[in-house]
Number of protein chains: 2
Amino acid sequence: MNSQILDQNSKTNKTIYKRACNVLTGGVSRNTIFRKPHPYYVATAKGSYVMDIEGVERIDFANNMASLIHGHSHPAIVEAVTDQLQRGTAFTLGTEAEVNFAELLIERSGTFERIRFVNSGTEAVMTMIKTSRVYTNKPKIAKAEGAYHGTYDYAEVSQTSDPSNWGGIDKPNVNRVVEGTPQGVLDDVVIFPFNDIERTIKILDQHADEIACVLIDPVPHRVGLFPATNEFIEAIYNWTRKNNALMVFDEVVTYRVNYGGKQDSFNVKPDLTAMGKMIGGGFPIGALAGKSDIMEVLDPRGKILRHPHSGTFSANPVSTTAGRVAMELFDKEAVLKLNVLTNTAIHQIEESIRIADVPVSITGAGSMFRLHLQANKPTGYREAYHTKEKKALINELLDYLFLEENIIMINTGACMFATTLTQNEVDRLSNGLLNGFRLIKPKLDQLN
Amino acid sequence: MNSQILDQNSKTNKTIYKRACNVLTGGVSRNTIFRKPHPYYVATAKGSYVMDIEGVERIDFANNMASLIHGHSHPAIVEAVTDQLQRGTAFTLGTEAEVNFAELLIERSGTFERIRFVNSGTEAVMTMIKTSRVYTNKPKIAKAEGAYHGTYDYAEVSQTSDPSNWGGIDKPNVNRVVEGTPQGVLDDVVIFPFNDIERTIKILDQHADEIACVLIDPVPHRVGLFPATNEFIEAIYNWTRKNNALMVFDEVVTYRVNYGGKQDSFNVKPDLTAMGKMIGGGFPIGALAGKSDIMEVLDPRGKILRHPHSGTFSANPVSTTAGRVAMELFDKEAVLKLNVLTNTAIHQIEESIRIADVPVSITGAGSMFRLHLQANKPTGYREAYHTKEKKALINELLDYLFLEENIIMINTGACMFATTLTQNEVDRLSNGLLNGFRLIKPKLDQLN
């Protein structure tokens, strides 16, 4: 514990939150960190361990919502960024750092021919949708009910649909996430049920002449964190080929699943891919990558600039340097090792589920998984949907883990692994969950 | 020159760009850095001096498009960030850094009651527009012709209007900036001529029931970098009070103008303000600030969450720490001193204009100004508009400054000052411009 932390001993999570409430709406800048009765504030973090302002240390299985593939304060990233700091963090000129990083990402992937960096996953998805519209000259996008793709209006529609408004599964309703979203946005979005080939194709067919792109997160966290089937992706791909549309992937979260992203698993490949989170090495980033003839609409050398696009901090040398180092370390061997450890964790947790005798199932892919408080793994958004009672119970489980077992998970009941985790932390997770399952078992049995 | 730079001596700006063209569309991630025949790549930067990969040092008057208020690698910022790096850069929990920074910004401003941090100016403007829609339950926004507000579709409409498509000044056309922008976006944007009270009010009146907010950059760079008049702002303010709409400011660039932003100059104040650029201390950031009853729509504690909003890197402790240190250093005295130096520069350049006897004028506010290749200062976007010939001539001037005088300006002919500049650099700027004016005088006289 360094002196700075000792100095802060008079501060508590509660007192900092009290100050926060006077300056930040609801006391937070990201709803993600909000918890009742107050959020917790980090003093210092190293590897997979996060110490809060009151000196309590917790194991981190959330890794800033999947963005820290090497945990906290990785020495190689800290060193590279510390060096870059001395040489500047942002310029009106270019840096070699952005070129080096783009070369590395293109080398990893068979489908990336050209890249453009932005500042967040939200910006990456927005730029991908706008690029699709330019290339196809069509206005609409299609996306899966329940899928989260950041906060761009078109991308967020129907992300939070619930039984009161989701409508028939043959034609899921197009619902606002944010109040006041213009009707024009809703009119330009088509919603389909993830992994449901027959219904999806029928829905897409109804807008065949107007769809610029079909937007897919290949392992959509909020839908239920289960992978798209190869058949589903092939059906979408074939439909887009026939109908002059693009198939575009949001791999902001899922790029971690394989060396070249979740797309490595499929026979057919996306035209464009949005990335973010882990490729920033812990710093703000987003990226759009894909076929050069499509990306060309962004080319400033063109006679007509079809898609003018800039960004003050895009491709800044801190994010691109940290990202490059993080991705160099996340080589094929590291990806495999991390996926194996994650798989071990899943098996151990399944054993905890059996021992506690609770109706819980696990879905996931690569280095991520999500618990569901139901015996059968969900196969769609509506099956994975948390009723109010289920949400309360998952909160009870996660609060128990956080406060009693000192384990941080994502508020959906998901874990996003980092290479700094070892068997030791996995054992604590499966033991902690065993205790947690036993705690909620009476209520859980009543629910199911 | 450190060893790393010496190692790179075999690399040239041209060879790096050649590599860049194989991986980045058009060889760039931001059109801002593009120049013919190739961009330049930074090796290292300190204060107001930037050295490129070939060892050429230039004075920086662009400061990454106004985002570096203390120039490059400021020791206090480097120290604070270096310290934070050891303790982590991003968490699924909060940090005291975001609270400290929010407190500081609120203290600076009479109109900020609550803040939310995001990752860029683009995200800040998008969140501000969405928040306005929620609060008013109306779909449209009004914005000035030619004004740049980032890359969110609604905010960018008519930013690049030209004589072939801008229509009558009584009702400026609503024009796509990016091809394929849906008609629904255009239908929800109203365009008015900046600083033109009579026409603007008439235009707003035609959409009185539908406008959520009137979006104003109080010193819009692309319109001509001249300030909104107090009368114009009052007229907009009064109109919004009568019509149940919000007056919202984009101060991403202009927050530098006074201690509490350009808004300090006006009798009436905006309901919401978007910030970015300089408040990140050289790191990616954006922020939305304003009245607490409006910001409340973002509050996660509400029974109904009217505006769900999060962001993986929002309020990260690196950007908020660097930003806090930068803003602490940019105190009232520093603001005043920088504005005085900028004013001195303007006077010296006006002297250069007189000596060279060229039809050039200067507009600006606070620590920023822009040259116009015309004798009379423009008072509107259409007067400041660069014809092809004028654009070629400003490029010739800026290329001369960059290549022969080793001076970096923004590609519109603008300078955004930093506190690291001194009289010495100002003298080089006014002398360099004198030489540049003499060079382009024959062509310029022909144009005017």
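1. Focus: the overall build of chain A
For step 1, the next point in the chain: When you go through chain A residue by residue, the secondary structure sums to 16 helices and 15 strands.
For step 2, the next point in the chain: For a compact globule of 448 residues, the expected C-alpha radius of gyration is about 22 Å, and chain A comes in at 22 Å, within 12% of that figure.
For step 3, the next point in the chain: For chain A, the spread of C-alpha atoms along the principal axes amounts to about 60 × 55 × 45 Å.
For step 4, the next point in the chain: Considering chain A as a whole, with its 448 residues, one finds that 67% of them fall into the buried category.
For step 5, the next point in the chain: A separation threshold of at least 6 residues defines the contact pool for chain A, and within that pool the share at least 24 residues apart is 69%.
For step 6, the next point in the chain: Total accessible area on chain A is roughly 15100 Å²; 48% of this is exposed by carbon and sulfur atoms.
For step 7, the next point in the chain: Charged side chains of chain A number 47 positive and 51 negative; the gap between the two group centres comes to 3 Å.

2. A word on empty space enclosed by the protein
For step 1, the next point in the chain: Applying the stated rule across the entire model yields six cavities of 30 Å³ or more.
For step 2, the next point in the chain: Of the voids in this model, the largest cavity is the one considered here, and its volume is about 150 Å³.
For step 3, the next point in the chain: No other element matches helix α4 (residues 75-87) of chain A, which puts three residues into the lining of the largest cavity.
For step 4, the next point in the chain: Broken down by class, the residue content of the lining of the largest cavity amounts to ten nonpolar, ten polar and no charged.
For step 5, the next point in the chain: The computed volume of the second largest cavity comes to approximately 120 Å³.
For step 6, the next point in the chain: At three residues, the largest contribution of residues to the lining of the second largest cavity is made by helix α4 (residues 75-87) of chain B.
For step 7, the next point in the chain: Looking at the lining of the second largest cavity, its residues break down into eight nonpolar, ten polar and no charged.

3. Side note on the relation of the copies chain B and chain A
For step 1, the next point in the chain: The two copies are related by a screw operation: chain B maps onto chain A through 180° of rotation and 0.0 Å of translation along the axis, at an RMSD of 0.0 Å. Overall, the copies show the geometry of a two-fold rotation axis. Rotation axis and chain B: the residue whose C-alpha lies nearest the axis is B:G184, separated from it by 2.3 Å.

4. Concerning the sheet that holds strand β8 (residues 211-216) of chain A
Residues and elements named next belong to chain A.
For step 1, the next point in the chain: What the seven strands build is an open sheet, ordered β5-β11-β10-β9-β8-β6-β7; its pairing is mixed. A single partner strand is all that each edge strand has here, and the edge strands are β5 (114-118) and β7 (189-192). Between one strand axis and the next, the sheet turns by 20° as a mean value, whatever way the strands run.
For step 2, the next point in the chain: Note that strand β6 (residues 140-144) and β7 share four bridges and pair parallel. Pairing of K143 across the sheet is with I191, part of β7.

5. Considering the interface of chain B and chain A
For step 1, the next point in the chain: Every contact between the two is made by 114 residues of chain B and, on the other side, 114 residues of chain A.
For step 2, the next point in the chain: Of the roughly 10100 Å² buried between chain B and chain A, counting both surfaces, carbon and sulfur atoms make up 55%.
For step 3, the next point in the chain: Interface area lost by chain B to chain A is led by B:T25, B:T92 and B:L93, which between them contribute 7%.
For step 4, the next point in the chain: If you look at where chain B meets chain A, you find twelve salt bridges.
For step 5, the next point in the chain: In this structure, B:E179 engages A:R306 in a salt bridge whose closest nitrogen and oxygen atoms are separated by 2.9 Å.
For step 6, the next point in the chain: The tally of links from chain B across to chain A stands at 68 residue pairs in polar contact (both at pLDDT 80 or more).

6. Some details on the domain arrangement of chain A
Residues and elements named next belong to chain A.
For step 1, the next point in the chain: What the domain assignment lists for chain A is domain 1 (40-69 + 331-447) and domain 2 (75-329).
For step 2, the next point in the chain: Each of domain 1 and domain 2 has a C-alpha centre, and the two are 26 Å apart.
For step 3, the next point in the chain: Between domain 1 and domain 2, the contact holds 33 residues from the first and 35 residues from the second.
For step 4, the next point in the chain: Summing the contributions of domain 1 and of domain 2, the shared interface buries around 2700 Å²; its carbon and sulfur component is 61%.
For step 5, the next point in the chain: Considering only the side of domain 1, the residues that lose the most area to domain 2 are M368, Y381 and R382, jointly responsible for 29% of the buried surface there.
For step 6, the next point in the chain: If you look at where domain 1 meets domain 2, you find one salt bridge.
For step 7, the next point in the chain: Here E145 makes a salt bridge to R382, at a shortest N to O gap of 2.8 Å.
For step 8, the next point in the chain: Within the residue set of the side of domain 1 that touches domain 2, elements represented by two or more residues are α3 (63-66), α13 (332-356), β12 (361-365), β13 (368-372), α14 (381-384) and β15 (414-416).
For step 9, the next point in the chain: Class assignment of the residues belonging to the side of domain 1 that touches domain 2 gives a composition of 17 nonpolar, eleven polar and five charged.

7. Notes on the sheet that holds β13(A)
All names here are of chain A.
For step 1, the next point in the chain: Here three strands make up an open sheet; going across it, the order is β12-β13-β15 and the pairing antiparallel. With one partner strand each, in any of the chains shown, β12 and β15 form the two edges of the open sheet. Going from strand to strand, the sheet's axes swing by 15° on average, the running direction of each strand aside.
For step 2, the next point in the chain: Note that β12 and β13 share five bridges and pair antiparallel. Among the inter-strand pairings, G364 is bridged to a residue of β13, identified as F369.

8. Section: the packing of α4(A) against helix α12 (residues 317-329) of chain A
Residues and elements named next belong to chain A.
For step 1, the next point in the chain: Viewed as axis vectors pointing N to C, α4 and α12 meet at an angle of 155°, and their least axial separation amounts to 9 Å. Considered as vectors, α4 and α12 are oriented roughly antiparallel to each other. Crossing hand, α4 versus α12: right-handed. Of the residues in α12, those touching α4 at A76, I77, A80, V81 and Q84 are P317, V318, T321, A322, V325, A326 and L329.
For step 2, the next point in the chain: For the contact of α4 with α12, a count of residues per class yields ten nonpolar, two polar and no charged.

9. Some points on unusual backbone geometry
For step 1, the next point in the chain: Residue A:P37 is bonded to the preceding A:K36 through a cis peptide linkage, with omega at 0°.
For step 2, the next point in the chain: Within the secondary structure, A:P37 sits in the loop between α2 (13-21) and β1 (41-46).
For step 3, the next point in the chain: A positive phi is found at A:M65, a non-glycine position, where the angle reads about 55°.
For step 4, the next point in the chain: By the element assignment, A:M65 lies in helix α3.
For step 5, the next point in the chain: The phi torsion at B:S158 lies on the positive side, around 60°, for a residue other than glycine.
For step 6, the next point in the chain: Here B:S158 lies in the loop between α7 (153-156) and α8 (183-187).
For step 7, the next point in the chain: The class for B:S158 is buried, based on a relative accessible area of 0%.

10. Digging into the nonpolar core
For step 1, the next point in the chain: Core analysis: the biggest nonpolar cluster contains 152 residues, and A:M327, A:F417, B:M327 and B:F417 have the highest contact counts within it.
For step 2, the next point in the chain: Each residue touching A:F417, except ones within four places of it in the same chain, is listed here: A:F61, A:N63, A:I69, A:R256, A:L338, A:L341, A:T342, A:A345, A:S367, A:F369, A:V426 and A:L429.
For step 3, the next point in the chain: In terms of nonpolar packing, the next biggest core, distinct from the first, is built from 60 residues, A:V134, A:V189, A:L215 and B:V134 among them.

11. A look at the pattern of salt bridges
For step 1, the next point in the chain: Scanning all chains against the criterion turns up 42 salt bridges over all chains.
For step 2, the next point in the chain: As a salt-bridge pair, B:K441 and B:D357 come within 3.8 Å of each other at their nearest N and O atoms. Within this pair, whereas B:K441 is found in helix α16 (residues 423-447), its partner B:D357 is found in the loop between α13 (332-356) and β12 (361-365), the two being separated by 84 residues in sequence.
For step 3, the next point in the chain: Relative accessible area serves as the criterion here: at 23%, B:K441 is assigned to the partly exposed category.
For step 4, the next point in the chain: Two residues, B:K441 and B:D445, come together in a salt bridge whose shortest N-O distance is 2.9 Å. Remark: B:D445 and B:K441 occur in helix α16; sequence separation between them is four residues, near one turn of the helix.
For step 5, the next point in the chain: On the basis of relative accessible area, B:D445 is assigned to the partly exposed category, the value being 37%.
For step 6, the next point in the chain: Salt bridges here are not isolated pairs; linked through shared partners, they connect A:K11, A:R19, B:E96 and B:E103.

12. A closer look at the packing of aromatic side chains
Geometrically, a pair of aromatic rings is defined through the distance of the ring centres and the angle of the planes.
For step 1, the next point in the chain: This structure, assessed with the given rule, holds 27 aromatic pairs over all chains.
For step 2, the next point in the chain: Within the aromatic cluster, the residues linked to one another by ring pairs are A:Y152, A:Y154, B:Y152 and B:Y154.
For step 3, the next point in the chain: Cation over ring: A:R35 sits above A:F402, and NZ or CZ is 4.0 Å from the ring centre.
For step 4, the next point in the chain: For the cation-ring pair, A:R133 lies above A:Y154, with the distance from its terminal atom to the ring centre recorded as 4.6 Å.

Definitions and limits used
Residues numbered from 1 in each chain as written. Chains lettered and ligands numbered in written order. Predicted model: local features only at pLDDT ≥ 70, side-chain atom pairs only at ≥ 80, totals over all residues. Heavy atoms only, no water. Helix = DSSP H or I, 4+ residues; strand = E, 2+ residues; numbered from the N terminus. Rg over C-alpha atoms; globule rule 2.2 N^0.38 Å. Buried < 20%, exposed > 50% of the residue type's maximum accessible area, 1.4 Å probe, protein only. Contact = heavy atoms within 4.5 Å. Areas by Shrake-Rupley, 256 points an atom, 1.4 Å probe, with all protein chains shown as cover. Lys, Arg positive; Asp, Glu negative; His and termini not counted. Charge placed at Lys NZ, Arg CZ, Asp CG, Glu CD. 1 Å grid on protein atoms, 1.4 Å probe; cavity = no way out; pocket = protein on both sides within 12 Å on 5 of 7 lines; lining within 4 Å. Points joined across faces, edges and corners; volume = space filled by probe spheres on them. Nonpolar A, V, L, I, M, F, W, Y, C, P; charged D, E, K, R; others polar. Least-squares fit on C-alpha atoms with pLDDT ≥ 70 in both. Pairing = 2+ DSSP bridges. Axes fitted to C-alpha atoms, helices over the stretch in contact; angles between N-to-C directions. Buried area = accessible area lost by both parts, 1.4 Å probe. Salt bridge = Lys/Arg side-chain N within 4 Å of Asp/Glu carboxyl O. Polar contact = N/O pair within 3.5 Å; in protein donor to acceptor, adjacent residues only side chain to side chain. Domains from an automatic or database assignment. Parallel < 35°, antiparallel > 145°, perpendicular 65-115°, else oblique. Left-handed = near helix turned anticlockwise from the far one by under 90°. Core = buried A, V, L, I, M, F, W, Y, C linked by side-chain atoms within 4.5 Å. Phe/Tyr/Trp six-rings, centres within 6.5 Å; stacked < 30°, edge-to-face > 60°. Lys NZ or Arg CZ within 6 Å of the ring centre and 35° of its normal.

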